[in-house]
Amino acid sequence: MATITSHVLDAVSGTHACGVRVDLRRIGDDDRAEPVFSVESGADGRIVGTAEVDGADEGRVYELVFHTGGYFDRQGLVEQARIMPEVVFRLRLPDPEARYHVPVIVSPHGYSVWWSG
């Protein structure tokens, strides 16, 4: 199984973003998103999830959805949370046994995301 990890950081407070829901979805040939897992970042802002990836499916696209709107709403930034409620990152998982680390730094007005193996 492929392992997907992330570290969600809050650029406003300079701390870990605790309690951010993160979903992994598999995008089908018909562009429909099939849920794979849903987790919540812990006190350290980190998440871990796994995905059953078929080796013949190496071109399949997945999307990692960080539900930042709820997080910023709880921080009292209600108006900003309504404007950008999610950060969506599309990726492929070509190696069914690999670990994919996708950290993200979020703020109510923007984000930065990257991946590392």
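Here, the structure is the one placed above.
Calculation criteria
- Residues numbered from 1 in each chain as written.
- Predicted model: local features only at pLDDT ≥ 70, side-chain atom pairs only at ≥ 80, totals over all residues.
- Heavy atoms only, no water.
- Core = buried A, V, L, I, M, F, W, Y, C linked by side-chain atoms within 4.5 Å.
- Buried < 20%, exposed > 50% of the residue type's maximum accessible area, 1.4 Å probe, protein only.
- Helix = DSSP H or I, 4+ residues; strand = E, 2+ residues; numbered from the N terminus.
- Contact = heavy atoms within 4.5 Å.
- Phe/Tyr/Trp six-rings, centres within 6.5 Å; stacked < 30°, edge-to-face > 60°.
- Pairing = 2+ DSSP bridges.
- Axes fitted to C-alpha atoms, helices over the stretch in contact; angles between N-to-C directions.

If you look at the biggest cluster of nonpolar residues, it comprises 26 residues, and the most contacted ones within it are L64, F66 and L93. Where this core is concerned, the elements lending two or more residues are β1 (2–10), β3 (21–27), β5 (46–51), β6 (61–67), α1 (68–74), β7 (87–92) and β9 (104–107). Among all residues touching L93, those that are not within four sequence positions of it are I4, A51, V53, R60, Y62 and Y100.

Let's shift gears to the packing of aromatic side chains. If you walk through the whole model with that rule in mind, you get 1 aromatic pair. Here Y71 and F72 contribute two aromatic rings whose centre-to-centre distance is 5.0 Å and whose plane-to-plane angle is 75 degrees, an arrangement assigned as edge-to-face. Both residues of the pair, Y71 and F72, count as buried.

Once that is clear, we can look at the environment of D95. Note that D95 resides in the loop between β7 and β8 (99–101). Discounting residues that sit within four places of it in the chain, D95 has contacts with A2 and Y100.

Pairing in this open sheet of 4 strands is antiparallel, and the strands run β4-β3-β6-β7 from one edge to the other. Of all the strands in the sheet, the pair left with one neighbour each is β4 (33–40) and β7. Taking the axes of each pair of neighbouring strands and ignoring which way they run, one obtains an average angle of 20 degrees across the sheet. Note: β3 against β6, 7 bridges, orientation antiparallel. Looking across to β6, one finds that R25 is bridged to E63.

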